[in-house]
Amino acid sequence: MAGWYELEKSKDGQFYFVLKAGNAEVILTSERYTTRASAENGIASVQKNSPDEAHYERKTSSDGRHHFNLKAANHQVIGSSQLYASQAAREAGITSVKGNGPSTTVKDKTAG
């Protein structure tokens, strides 16, 4: 099963989205946006940029865990991963985002 996006609204009224893999695991989380349109533009940016290796920034946290950011062409972060125990797990996460990011399925979770 292909992945999908879930568009959500935080308790403070801001919008954000997550990209889920076909197994329903969250593989990328966006920043918070003040408007729904901005969050939708963020989804479009992930759809466009996720297949391109050059848009991934690999990082290591202070406690040695691995993670990544997906960046747009203007170098702004459009999504961040969870923390992974190994570099191999982080690479698997990137591969999953590359495969699922182009999905056009968006589930709107903003109502009630």
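All of these numbers come straight from a predicted model, not from anything done at the bench.

What counts, and at which threshold
Residues numbered from 1 in each chain as written. Predicted model: local features only at pLDDT ≥ 70, side-chain atom pairs only at ≥ 80, totals over all residues. Heavy atoms only, no water. Core = buried A, V, L, I, M, F, W, Y, C linked by side-chain atoms within 4.5 Å. Buried < 20%, exposed > 50% of the residue type's maximum accessible area, 1.4 Å probe, protein only. Helix = DSSP H or I, 4+ residues; strand = E, 2+ residues; numbered from the N terminus. Contact = heavy atoms within 4.5 Å. Phe/Tyr/Trp six-rings, centres within 6.5 Å; stacked < 30°, edge-to-face > 60°. Lys NZ or Arg CZ within 6 Å of the ring centre and 35° of its normal. Expected span 1.5 Å × (residues − 1). Arc of directions from axis to C-beta. UniProt positions renumbered as here; feature names shortened; annotations may be inferred. Pairing = 2+ DSSP bridges.

Visitor: Just to check I follow, could you spell out the nonpolar core for this structure?
Guide: Generally speaking, soluble globular proteins have nonpolar side chains that are buried together. Among the nonpolar cores identified, the biggest contains 20 residues, and Phe-17, Leu-19, Leu-28, Val-46, Phe-68, Leu-70 and Val-97 are the most heavily contacted of them. For this core, the secondary-structure elements that each account for two or more residues are β1 (4-9), β2 (15-20), β3 (26-29), α1 (36-49), β5 (66-71) and α2 (87-100). Discounting residues that sit within four places of it in the chain, Val-97 has contacts with Leu-19, Ile-27, Leu-28, Ser-50, Tyr-56, Phe-68, Leu-70 and Pro-102.

Visitor: Is there a simple way to explain the packing of aromatic side chains in this structure?
Guide: The geometry of an aromatic ring pair comes down to the distance between the two centres and the angle between the two planes. For the structure shown, the criterion picks out four aromatic pairs. Ring geometry for Tyr-5 against Phe-17: centres 5.9 Å apart, planes inclined by 70°, an arrangement best described as edge-to-face. Of this pair, Tyr-5 sits in strand β1 while Phe-17 sits in strand β2; the two residues are 12 residues apart in sequence, bridging distant segments of the chain. The pair Tyr-5 / Phe-17 is uniform in exposure class, with both members buried. Ring pairs connect the aromatic residues Tyr-5, Phe-17 and Tyr-33, which therefore count as one cluster. The cationic tip of Lys-107 hangs over the ring face of Trp-4; the distance from NZ or CZ to the ring centre is 3.9 Å.

Visitor: How should I be thinking about α2 in this particular structure?
Guide: Working note: α-helix, 3.6 residues per turn, so residues spaced by three or four point in the same direction. For α2, spanning 14 residues, the distance from its first C-alpha to its last is 20 Å, which sits close to the expected 20 Å at 1.5 Å a residue. Listed as buried for α2 are Arg-90, Gly-93, Ile-94, Ser-96, Val-97 and Asn-100. The buried residues of α2 occupy an angular sector of 160° when projected down its axis, which confines them to one face. Away from the buried face of α2 by more than 90 degrees, exposed residues Ala-88, Thr-95 and Gly-99 are located. Buried residues along α2 sit in contact with β2, β3, β4 (56-60) and β5.

Visitor: Where do I start with the side chain of His-67 in this structure?
Guide: By secondary structure assignment, the location of His-67 is in strand β5. Once you skip the residues sitting within four places of it in the chain, His-67 turns out to touch Glu-57, Arg-58, Lys-59, Thr-60, Ser-61, Ser-81, Gln-82, Leu-83, Tyr-84 and Arg-90.

Visitor: Please clarify how unusual backbone geometry should be interpreted in this entry.
Guide: Backbone geometry follows two general trends: most residues other than glycine have a negative phi, and most peptide bonds adopt the trans configuration. In this structure, Ala-24 is a non-glycine residue whose phi angle is positive, near 75°. In this structure, Ala-24 sits in the loop between β2 and β3.

Visitor: Just checking my understanding: could you explain the environment of Lys-9 for this structure?
Guide: By secondary structure assignment, the location of Lys-9 is in strand β1. Sequence separation between Lys-9 and Tyr-33 is 24 residues; the distance between their C-alpha atoms is 9.3 Å. Excluding residues within four positions of it along the chain, Lys-9 makes contact with Gln-14, Phe-15, Tyr-16 and Thr-110.

Visitor: Any chance you could explain the UniProt feature "domain: DUF1508" (unreviewed entry) in the protein here in plain terms?
Guide: Per the UniProt record, "domain: DUF1508" (unreviewed entry) is annotated on residues 11-57 and 62-108. With 30% helix and 26% strand, residues 11-57 has its two end C-alpha atoms placed 29 Å apart. Here residues 62-108 is 30% helix and 28% strand, with 35 Å between the C-alpha atoms at its ends.

Visitor: I keep staring at the pairing of strand β6 (residues 77-80) and nothing clicks. Help me out?
Guide: Two faces make up the sheet, and in a regular strand the side chains alternate between them. In the sheet, β5 pairs with β6 via three bridges, with the strands oriented antiparallel. Within β6, the residue paired with Lys-71 across the bridge is Val-77.

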